[in-house]
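Overview (structure and organization)
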Amino acid sequence: MSYPSPNWQISGGENFRSRGRKSTNPRAAMKEWLTLCDAITRSGGRILVMPPAEGATGMVYTANAGALFKAGEHYQFMISNMAVAHRKGEREHIKKFLTEAGVPCSEATATWEGQADICTLPSNRFILSYGVRSTQKSLDEVRPRLPQGARVLDVELVEPYFHGDTCLNSLHTRGGDSVLLVYGGAMKSRTPPELRTFLGNLGEVLTIEEEDALNYACNALCLDGTLLAPPGLSTSLRGNLARRRHEVVEIELPELFGKGGGGPRCLVNELRGLVLTDEAPNYTMKRDQLHALAETYPESITA
């Protein structure tokens, strides 16, 4: 995860929530980020903290930074090639940080916005999305990096569902049960029944309504059955999740999400299987320092 910079603002205005380019409160955004980190830590997550590059306002949305792939016993992080101009400068900063952390890196050549367009399912199955930000050509770079024998389904998206994580979310409980949240209206090339066939008996496909999709239900972050979710999910969806043994914990982040769009998943890049050393800049070690830093942030920035 990467915390918001002192000059955090809506630079691109590339989704339906951020197009208004409202003035922002960087101090509030930083405190919201810290609130999410605390919730992730309480739920058992461990966070590697990547400082933002100077002047970068989009790095907080680290799901777009790229994705970690494993080949045999070796890991490599492929860094995104952003569709939006104001985020292209992030690449060198991400590469330097991860290389110093001992993670080998490569760089995407096609336009691709990272983990946000990869949905990981049980039993070596993956859904790769494209069509709004990431291009179809990017799939040719992602597929060879997936584990040997992976089964892949591609999904073309339509506006305003700019990444796969706005309409697809693979949820898991501690008991190993799997549910795939899906909003069918976001997909141009596939239907929920096709996704059910692809998932087979490995889990359940649970379709959601447009209102929940636009409230970023699929951008909720799942940690072993605890679902850190944006506020406002419908009563019916919350009930469906509860019956499937998912505890919904609402995270109020009006600055980061109300103005920037998205939900907790877009602030996280999951480094599945990567073992961090005790010396790595983890959130627990840096928490007090980051809280003190938040108090130095301005309370208003106008784009």
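First, a word on scope: everything that follows refers to the structure included in this document.

Examining the overall build of the protein
Along its length, the protein carries eight helices and 12 strands. Seen along its three principal axes, the alpha-carbon backbone of the protein occupies a region of about 50 × 45 × 35 Å. The buried share of the protein, reckoned over its 303 residues, is 54%. The long-range fraction of contacts in the protein, counting pairs at least 24 apart against all pairs at least 6 apart in sequence, stands at 72%. Of the charged side chains in the protein, 33 are positive and 35 negative, and the gap between their average positions amounts to 2 Å.

What about unusual backbone geometry?
Across residues other than glycine, the phi torsion is negative in most instances, and most of the peptide bonds are trans. Put simply, Glu 159 and Pro 160 share a cis peptide bond, and its omega is 0°. Inspection of the secondary structure puts Pro 160 in the loop between strand E6 (151-156) and strand E7 (168-172).

A word on the layout of surface pockets
Reported here for the largest pocket is a volume of approximately 1300 Å³. Lining of the largest pocket is provided by 47 residues; of these, Gln 115, Asn 269, Glu 270, Leu 271 and Arg 272 occupy positions nearest its centre. Those elements giving two or more residues to the lining of the largest pocket turn out to be strand E1 (66-71), strand E2 (74-79), helix H2 (90-100), strand E4 (118-121), E7 and strand E10 (221-223). For the lining of the largest pocket, the class distribution of residues is 28 nonpolar, 10 polar and nine charged. Volume-wise, the second largest pocket comes out at about 170 Å³. Taken together, 13 residues form the lining of the second largest pocket, with Ala 101, Gly 102, Val 103, Leu 274 and Val 275 sitting closest to its centre. Its residues assigned to classes, the lining of the second largest pocket comprises 11 nonpolar, two polar and no charged.

A look at the sheet that holds E10
Here three strands make up an open sheet; going across it, the order is E10-E11-E12 and the pairing mixed. Two strands bound the open sheet, and with one partner strand each, they are E10 and strand E12 (247-250). Adjacent strand axes in the sheet meet at a mean angle of 25°, parallel and antiparallel pairs treated alike. Note: E10 against strand E11 (residues 226-229), three bridges, orientation antiparallel. Within the sheet, the bridge partner assigned to Cys 222 lies in E11 and is Leu 227.

Structural notes on the state of the cysteines
Under the definition given, this model contains zero disulfides. Between Cys 167, a free cysteine, and Cys 218, which holds the nearest cysteine sulfur, the sulfur-to-sulfur gap is 6.4 Å. Among the residues examined, Cys 167 registers a relative accessible area of 0% and is labelled buried.

Points about the nonpolar core
Residues Ile 127, Leu 180, Leu 181 and Leu 195 are the most contacted members of the largest nonpolar core, which totals 34 residues. Among the secondary structure elements, those contributing two or more residues to this core are E4, E6, E7, strand E8 (178-182), helix H4 (192-199), strand E9 (204-207), E11 and helix H6 (235-243). Looking at which element gives the most residues to this core, the answer is E8, with four residues. Each residue touching Leu 181, except ones within four places of it in the same chain, is listed here: Cys 167, Leu 168, Asn 169, Leu 171, Leu 206, Ile 208, Ala 217, Cys 218, Leu 237 and Leu 241.

A look at the environment of Leu 128
Along the chain, Leu 128 turns up in strand E5 (residues 125-130). Leu 128 sits 27 residues away from Val 155 along the chain, and the two C-alpha atoms are 6.2 Å apart.

A few points about helix H1 (residues 26-42)
Taking 1.5 Å per residue, 17 residues should reach 24 Å; H1 reaches 24 Å between its end C-alpha atoms and fits that length. Those residues of H1 that sit buried are Pro 26, Ala 29, Met 30, Glu 32, Trp 33, Leu 34, Leu 36, Cys 37, Asp 38, Ala 39 and Ile 40. Packed against the buried residues of H1 are E10, E11, helix H7 (256-260) and helix H8 (283-294). One side-chain oxygen of the residue at the start of H1 lies 3.1 Å from the amide nitrogen of Arg 27, identifying that residue as Asn 25. Backbone geometry just downstream of H1 places Gly 44 in the positive-phi region, at approximately 100°.

So, the packing of H1 against H8
Taken N-terminus to C-terminus, the directions of H1 and H8 make an angle of 160°; their axes are 10 Å apart at the nearest point. With respect to each other, H1 and H8 are oriented roughly antiparallel. Note that H1 runs across H8; the crossing there is left-handed. In this structure, H1 contributes Arg 27, Met 30, Lys 31, Trp 33, Leu 34, Cys 37, Asp 38 and Thr 41 to the contact, and H8 contributes Tyr 283, Thr 284, Arg 287, Leu 290, His 291, Leu 293 and Ala 294.

Details of the pattern of salt bridges
Applying the stated criterion to the full structure yields 19 salt bridges. With a shortest N-O distance of 2.7 Å, Glu 90 and Arg 87 are connected by a salt bridge. Considered together, Glu 90 and Arg 87 belong to a single accessibility category, that of buried residues. In this structure, Glu 156 and Lys 188 form a salt bridge, with 3.9 Å as the shortest nitrogen-oxygen distance. One end of the pair, Glu 156, is in strand E6; the other, Lys 188, is in the loop between E8 and H4, and 32 residues separate them in sequence. Several salt bridges converge on common partners, so that one network encompasses Asp 140, Arg 143, Asp 154, Arg 190 and Glu 194.

Calculation rules
- Residues numbered from 1 in each chain as written.
- Predicted model: local features only at pLDDT ≥ 70, side-chain atom pairs only at ≥ 80, totals over all residues.
- Heavy atoms only, no water.
- Helix = DSSP H or I, 4+ residues; strand = E, 2+ residues; numbered from the N terminus.
- Buried < 20%, exposed > 50% of the residue type's maximum accessible area, 1.4 Å probe, protein only.
- Contact = heavy atoms within 4.5 Å.
- Lys, Arg positive; Asp, Glu negative; His and termini not counted.
- Charge placed at Lys NZ, Arg CZ, Asp CG, Glu CD.
- 1 Å grid on protein atoms, 1.4 Å probe; cavity = no way out; pocket = protein on both sides within 12 Å on 5 of 7 lines; lining within 4 Å.
- Points joined across faces, edges and corners; volume = space filled by probe spheres on them.
- Nonpolar A, V, L, I, M, F, W, Y, C, P; charged D, E, K, R; others polar.
- Pairing = 2+ DSSP bridges.
- Axes fitted to C-alpha atoms, helices over the stretch in contact; angles between N-to-C directions.
- Disulfide = S-S within 2.5 Å.
- Core = buried A, V, L, I, M, F, W, Y, C linked by side-chain atoms within 4.5 Å.
- Expected span 1.5 Å × (residues − 1).
- Polar contact = N/O pair within 3.5 Å; in protein donor to acceptor, adjacent residues only side chain to side chain.
- Parallel < 35°, antiparallel > 145°, perpendicular 65-115°, else oblique.
- Left-handed = near helix turned anticlockwise from the far one by under 90°.
- Salt bridge = Lys/Arg side-chain N within 4 Å of Asp/Glu carboxyl O.

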